[in-house]
Amino acid sequence: MDLWVWILILAGTTLTSAVVIWTQRDRRYKSSASVASAYDAWTNDQLLERLWGEHVHLGYYGKPPSTRDFRAAKQDFVHELVQWSGLAQLPRGSRVLDVGCGIGGSARILARDYNFDVLGITISPAQVKRASQLTPEGMTCQFEVMDALDLKLANGSFDAVWSVEAGPHMPDKQRYADELLRVLRPKGVLAVADWNRRDYEDGEMTSLERWVMRQLLDQWAHPEFASIKGFRRNLLHSPFACGTVESDDWTRSILPSWNDSILEGFRRPGAVLGLGPAAVVKGFREIPTILLMRWAFAHGLMQFGVFRSRD
C-alpha cells in the first residue's frame, strides 16, 4: 500500500480518536482544584510549551492585523499591553504582580526588558516549578503557588498588577477584581487582558451560541466568562477602586492566534511527534475547542477585552 495512503489512514484514525475523546470527556470546572489539575496536566506533558513556547496566551497581530510569527506575536502582545496600560511609565525596580503567570513567559519579559521586580502567582504547582526552571539565575522574577481569589499579600504592596487570560477561571469575578485592586498601591497601574463573552445587554445567545458557549466553558475548566462591560463594572464598583478604569476590545488584533495555534503543530511537527503517540492524540483533542473559540471570537459571541486602571 502506498505510503501516503498509510499516512491518511493514520491521520484519519488519530483525528477520529481525538473527536471521540473530545465528545466523551471534558475538563468541566468543579473547583479551583479542577483548574489546578488541568494546568498541572498541560504543564507536565509539555505539549503546549513545545508547540507554543513559553507564552500560553494569545498573540498580538496589530491594527489592522498582519501576518506574524506566532511566537513573536505572543511577545508583541506583552509589549503592546505594557505600552497601552501605562506600565512602561513605571521606573526600574517597580514591583509587579503577575496573576495567573503560567510558566512565566510574560513575567520574564517584564523583568528582563523593563527591569521590574516580578512576582508571578498561579494555582498550579507544576507551572510554578516549570516557571522557576525556565528563569535564569539572577533575574528579578519569582513564582509562588497562590489562589487569585485569596492573595496572601498585603494591601497596596505592588506598583502594578498584571493578569492575562486568567479571569475566565475565576468563579467570582467581583472578588477577582477586588483582589487585583486590593494589592495595588494608590496610583498604581492595573493591566488586565481576558477572554470575554458578549454582554447580555447586546443580545441573547442563539441555540447554536449556547451550545458553543457550553463547550468553551466545559472543555477548558471555565466556570463563566465576564463581559467587557461587566468586568469594567466589577473594577469600578470595587471597594479598592481608585482612579479611572478604561477598557478596549482587541478582538481583531488577536484573532489570527486561533488558526496559528493549530498551524504550529504542522510547522513544528517534531514538537508533537517527539512526545509520542499520546501527545499526538492530545494535540488533536484540542483542535475542536480551538476552532470553536475562533468561531466565537469571529462572530461576536466572544471578545478580547483589555482593562487598565490609573490615576
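Rules of the game
- Residues numbered from 1 in each chain as written.
- Predicted model: local features only at pLDDT ≥ 70, side-chain atom pairs only at ≥ 80, totals over all residues.
- Heavy atoms only, no water.
- Helix = DSSP H or I, 4+ residues; strand = E, 2+ residues; numbered from the N terminus.
- Rg over C-alpha atoms; globule rule 2.2 N^0.38 Å.
- Buried < 20%, exposed > 50% of the residue type's maximum accessible area, 1.4 Å probe, protein only.
- Contact = heavy atoms within 4.5 Å.
- Lys, Arg positive; Asp, Glu negative; His and termini not counted.
- Charge placed at Lys NZ, Arg CZ, Asp CG, Glu CD.
- Salt bridge = Lys/Arg side-chain N within 4 Å of Asp/Glu carboxyl O.
- Phe/Tyr/Trp six-rings, centres within 6.5 Å; stacked < 30°, edge-to-face > 60°.
- Arc of directions from axis to C-beta.
- Pairing = 2+ DSSP bridges.
- Axes fitted to C-alpha atoms, helices over the stretch in contact; angles between N-to-C directions.
- Polar contact = N/O pair within 3.5 Å; in protein donor to acceptor, adjacent residues only side chain to side chain.
- Core = buried A, V, L, I, M, F, W, Y, C linked by side-chain atoms within 4.5 Å.

**Regarding the overall build of the chain**
Of regular secondary structure, the chain possesses 13 helices and 7 strands. Relative to the 2.2 N^0.38 estimate, which gives 19 Å for 311 residues, the radius of gyration of the chain is 19 Å and therefore close to what a compact globule would have. Taken over the C-alpha atoms alone, the chain extends approximately 70 × 50 × 40 Å along its principal axes. Going through the 311 residues of the chain one by one, you find that 52% of them count as buried. In the chain, the proportion of contacts linking residues at least 24 apart, taken out of those at least 6 apart, comes to 77%. Taken as two groups, the 36 positive and 36 negative side-chain charges of the chain have centres that lie 1 Å from each other.

**Concerning the pattern of salt bridges**
Side chains bearing opposite charge may pair, as long as their charged atoms lie close to each other. If you walk through the whole model with that rule in mind, you get 19 salt bridges. Residues Asp76 and Arg68 are paired through a salt bridge, measuring 2.2 Å at the closest nitrogen-oxygen approach. For Asp76, a relative accessible area of 26% corresponds to the partly exposed category. Owing to a relative accessible area of 32%, Arg68 belongs among the partly exposed residues under this scheme. We note a salt bridge from Glu209 to Arg198, for which the minimum N-O separation is 2.9 Å. Of this pair, Glu209 sits in helix H8 (residues 207-219) while Arg198 sits in the loop between strand E5 (184-197) and H8; the two residues are 11 residues apart in sequence, bridging distant segments of the chain.

**Describing the packing of aromatic side chains**
The final tally for this structure, using the stated rule, is 11 aromatic pairs. On the basis of an interplanar angle of 45° and a centroid distance of 6.0 Å, the ring pair of Trp195 and Trp220 is categorised as tilted. On the criterion of sequence distance, the pair formed by Trp195 in strand E5 and Trp220 in the loop between H8 and helix H9 (228-236) is long-range, its members being 25 residues apart. You'll find Trp195 and Trp220 in the same group, each marked buried.

**Concerning H9**
Buried residues of H9: Ile228, Gly230, Phe231, Asn234 and Leu235, and no others. Buried residues along H9 cover an arc of 165° about the axis, so they all sit on one side. On its buried face, H9 sits against helix H7 (173-182), E5, strand E6 (244-249) and strand E7 (302-310).

**What about the sheet that holds E6?**
Taken in spatial order, the 7 strands line up as E3-E2-E1-E4-E5-E7-E6 in an open sheet, and their pairing is mixed. Each having just a single partner strand, strand E3 (141-145) and E6 make up the two edges of the open sheet. Across this sheet, the average inter-strand angle for adjacent strands is 15°, counted without regard to direction. Sheet analysis places E6 next to E7, joined by 6 bridges and oriented antiparallel.

**What about the side chain of Asp159?**
Relative to the helices and strands, Asp159 is located in strand E4 (residues 158-164). A distance of 2.7 Å separates a polar side-chain atom of Asp159 from the backbone nitrogen of Arg95. Excluding its chain neighbours within four sequence positions, the residues that come into contact with Asp159 are Leu90, Ser94, Arg95, Leu184, Arg185, Gly188 and Val189.

**Focus on unusual backbone geometry**
Trans peptide bonds make up the majority, and among non-glycine residues the majority have a negative phi. The omega torsion of the bond from Lys63 to Pro64 falls at -5°, within 30 degrees of zero and hence cis. Mapped onto the elements of the fold, Pro64 is located in the loop between helix H3 (47-52) and helix H4 (70-85). One non-glycine residue with positive phi stands out, namely Gln46, at about 65°. Looking at where Gln46 falls in the secondary structure, it is placed in the loop between helix H2 (32-44) and H3.

**Notes on the environment of Arg27**
With respect to the element layout, Arg27 can be found in the loop between helix H1 (3-24) and H2. Sequence separation between Arg27 and Asp150 is 123 residues, and the spatial gap between their C-alpha atoms is 23 Å.

**Some thoughts on the pairing of E4**
One face of the sheet, then the other: side chains in a regular strand alternate in exactly this way. Counted residue by residue, E4 has 7 buried out of 7 residues, so it is predominantly covered. Pairing of strand E1 (residues 95-99) with E4 involves 3 bridges; the strand directions are parallel. Opposite Asp98, over in E4, you have Trp162 as the bridge partner. Sheet topology places E4 next to E5; 6 bridges connect them, and they run parallel.

**What about the nonpolar core?**
Within the largest apolar cluster, 63 residues are counted, with the highest numbers of intra-cluster contacts made by Leu81, Leu87, Leu110, Trp162, Trp195, Trp258 and Phe304. Ranked by size, the runner-up nonpolar core spans 27 residues in total, among them Leu180, Ile228, Phe231 and Phe307.

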